[in-house]
Amino acid sequence: MQYDLNMYEPFYGSFVALPDLYSLQAKYDLIITSPGGTRVHETVGEPEAKFHLVPYETGKYRFCLRLNQDKTGSRYVLSREVLWDLHVGHADSHSNTNLKEHDTQSLWHYVHQVDAQLQQLRATQQYLYWRERRHRMTVESTNRRVLVYALVRNGVLVLVSIMQVVFIRRMFSKQLR
Amino acid sequence: MEFEMQSQIKCVYEEINNNVIVVGEYKAFHKENPAQGITVSVKVEDPHGIVLHESAGNVNGQFAFTSKQAGEYKACFSVSDIQTAYQTKLKVDWRTGVAATDWNAIAKKEHLDALTVELRKLEDNIREVYSEMLMLQQREQEMRNISEETNTRVAWYSIASLGMCVASAAVQLWYLRRFFKRKKLM
């Protein structure tokens, strides 16, 4: 994915990978490349991560999310789900603004700061929300599994005891004959 | 956000809350030559599959709606054939809530200066943060309930298994005694 970003606009983002079939967890690498071609951020082999950056170049930033083949257990899956989020803040203008705004200059500065922190808050919140969803999947599957395992366990128990009785009967029937 | 269309249909999903203004803009152009536009058809659906916006044969366009329910909304873009798809780059700008409201119109209507507009934006943002936080709290509570139920279930099912084990042992003993008594071995 590519986003157009301006210089000095801090951005905050996160990604959360949902588990594949059979609850196997896929791990991803995130690589952020600046318009100049340098890798500004890299996360390796994480199922979920949060990041924030202040870009020093204006232009198209490329965000590449790639599956980490070595760390991911599952192969040959038809589809994978990754949840992605990105927030962009305001830039503090470093160029000279006109004099009549001089009174409110510092006020603007604070407003921008608060806005940046708010964006960070929203990004973190979104990250937590996605993580909660992913953890909810684990919890629900545990709940289901407990029931299934209990039923299977009881079934096997009953079966084994019936088989024991049948074998003993057969054993003694053969002996009597 | 820009991305390349590697397949004939590409969908962008966004999870949106109830009663939120959603505005989307899209533009399709050639990968090598951004000036050359490529016609693409759009279909925007709500979580239940009801089509909210549909158009075909446009290079760029806009859609806007207010969400009636919370859930996953999707916007699907499709090109005529897969060859064009490999050459197409899509630029999608999807804004919800604060970023979607028309601040210029509000500023003009209420004669607000730039600083007040920014502060209003912050206020709306904080409101959204608060309501999302409440929702997150509720979801965590539900999850906690499920965890506790699982915990209880594990305990009860273990006792039940143990009981089954003991019961089947007792039934076996009783049955075999009856069997041997009948065969006059005991």
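Per an unreviewed UniProt entry, chain B goes by the name GOLD domain-containing protein and belongs to Chlamydomonas incerta. UniProt lists a comment for chain B under the heading Subcellular location (unreviewed entry), and it reads "Membrane".

An unreviewed UniProt entry lists chain A under the name GOLD domain-containing protein, with Chlamydomonas incerta given as the organism. Listed in UniProt under the heading Sequence similarities (unreviewed entry), the comment for chain A reads: "Belongs to the EMP24/GP25L family." Entered under Subcellular location (unreviewed entry) in the UniProt record, the comment concerning chain A runs "Membrane".

Caption draft 1: Summary view of the UniProt feature "transmembrane region" (unreviewed entry) in chain A. Cross-referencing UniProt, the feature "transmembrane region" (unreviewed entry) maps to residues 146-168 of chain A in the present numbering. Annotated as 100% helix and 0% strand, the span residues 146-168 of chain A places its first and last C-alpha atoms 33 Å apart.

Caption draft 2: Broad picture of helix H3 (residues 114-182) of chain B. Its 69 residues give H3(B) an end-to-end C-alpha distance of 100 Å, which sits within 8% of 102 Å, the value for a rise of 1.5 Å per residue. Positioned one or two residues after H3(B), Lys184(B) has a phi angle of 60 degrees, which is positive.

Caption draft 3: Quick peek at the side chain of Ser161(B). By the secondary structure assignment, Ser161(B) is in helix H3. Within the local environment of Ser161(B), its side chain forms a polar contact with the side chain of Asn154(A), the two groups lying 3.2 Å apart. Beyond its immediate chain neighbours, meaning those up to four positions away, Ser161(B) contacts Arg153(A), Asn154(A) and Leu157(A).

Caption draft 4: Highlighting the pairing of strand E7 (residues 82-88) of chain A. Residue and element names in this part refer to chain A. A large share of E7 lies buried, amounting to five of its seven residues. As paired strands, strand E2 (residues 11-17) and E7 are joined by seven bridges and run antiparallel to one another. Note that in E7 the partner of Tyr12 across the bridge is His87.

Caption draft 5: Representation of the sheet that holds E2(A). Residue and element names in this part refer to chain A. The three strands lie next to each other as E5-E2-E7, forming an open sheet whose pairing is antiparallel. Because the sheet does not close on itself, it has two edges, and the strands there are strand E5 (48-53) and E7. Strand-to-strand, the axes of this sheet are offset by a mean angle of 10 degrees, without reference to chain direction.

Caption draft 6: Structural context of the nonpolar core. By size, the foremost hydrophobic cluster in this structure holds 21 residues, and its most contacted members are Tyr26(B), Phe63(B), Phe77(B) and Trp94(B). Elements that contribute at least two residues to this core include exactly strand E2 (9-16), strand E3 (21-30), strand E4 (40-45), strand E6 (60-66), strand E7 (71-78) and strand E8 (88-96) of chain B. Those residues in contact with Phe77(B), other than ones at most four positions away along the chain, are Met5(B), Gln8(B), Ile9(B), Lys10(B), Val12(B), Tyr26(B), Val40(B), Ser41(B), Val42(B), Leu90(B) and Val92(B). Judged by nonpolar contacts, the second largest core, of 16 residues, contains Leu5(A), Leu30(A), Phe51(A) and Leu53(A).

Caption draft 7: Representation of the pattern of salt bridges. Residue and element names in this part refer to chain B. With the rule as written, the count across this model stands at 15 salt bridges over all chains. A salt bridge links Lys121 to Glu118; its shortest N-O distance comes to 3.7 Å. Here Lys121 pairs with Glu118, and both are found in helix H3, just three residues apart, close to one helical turn. When its relative accessible area of 10% is taken as the criterion, Glu118 is described as buried.

Conventions and cut-offs
- Note that residues are indexed from 1 along each chain, following the sequence as it is written.
- Written order determines the labels here, with chains lettered from A and ligands numbered from 1.
- At least 70 in pLDDT is required for a residue's local features to be given in this predicted model, at least 80 for side-chain atom pairs to be given and counted, and no such filter applies to totals for whole chains, interfaces and linings, which use all residues.
- Side-chain calculation: all heavy atoms of the structure are included, whereas hydrogens and water are not.
- UniProt positions are given in the numbering used here, feature names are shortened, and annotations may be inferred rather than shown by experiment.
- Each helix corresponds to a stretch of at least 4 residues labelled H or I by DSSP, and each strand to a stretch of at least 2 residues labelled E; elements are numbered beginning at the N terminus.
- Helices are assigned an expected span. That span is 1.5 Å times one less than the residue count.
- For the purposes of these results, a polar contact is taken to be a pair of N or O atoms within 3.5 Å, where, inside protein, one atom must be able to donate a hydrogen and its partner to accept one; residues adjacent in sequence count only when each atom of the pair is a side-chain atom.
- Note on definitions: a residue-residue contact is assigned when non-hydrogen atoms from the two residues lie within 4.5 Å.
- Exposure classes here rest on a 1.4 Å probe applied to the protein chains alone. A residue is buried below 20% of its type maximum, exposed above 50%, and partly exposed in between.
- When DSSP finds two or more bridges between two strands, those strands count as paired.
- Angles here are taken between N-to-C directions and fall from 0 to 180 degrees, while the axes themselves are lines fitted to C-alpha atoms, restricted in helices to the stretch in contact.
- Put simply, a nonpolar core is a bunch of buried Ala, Val, Leu, Ile, Met, Phe, Trp, Tyr and Cys residues held in one set by side-chain atoms that sit within 4.5 Å of each other.
- Any Lys or Arg side-chain nitrogen located within 4 Å of an Asp or Glu carboxyl oxygen qualifies as a salt bridge.

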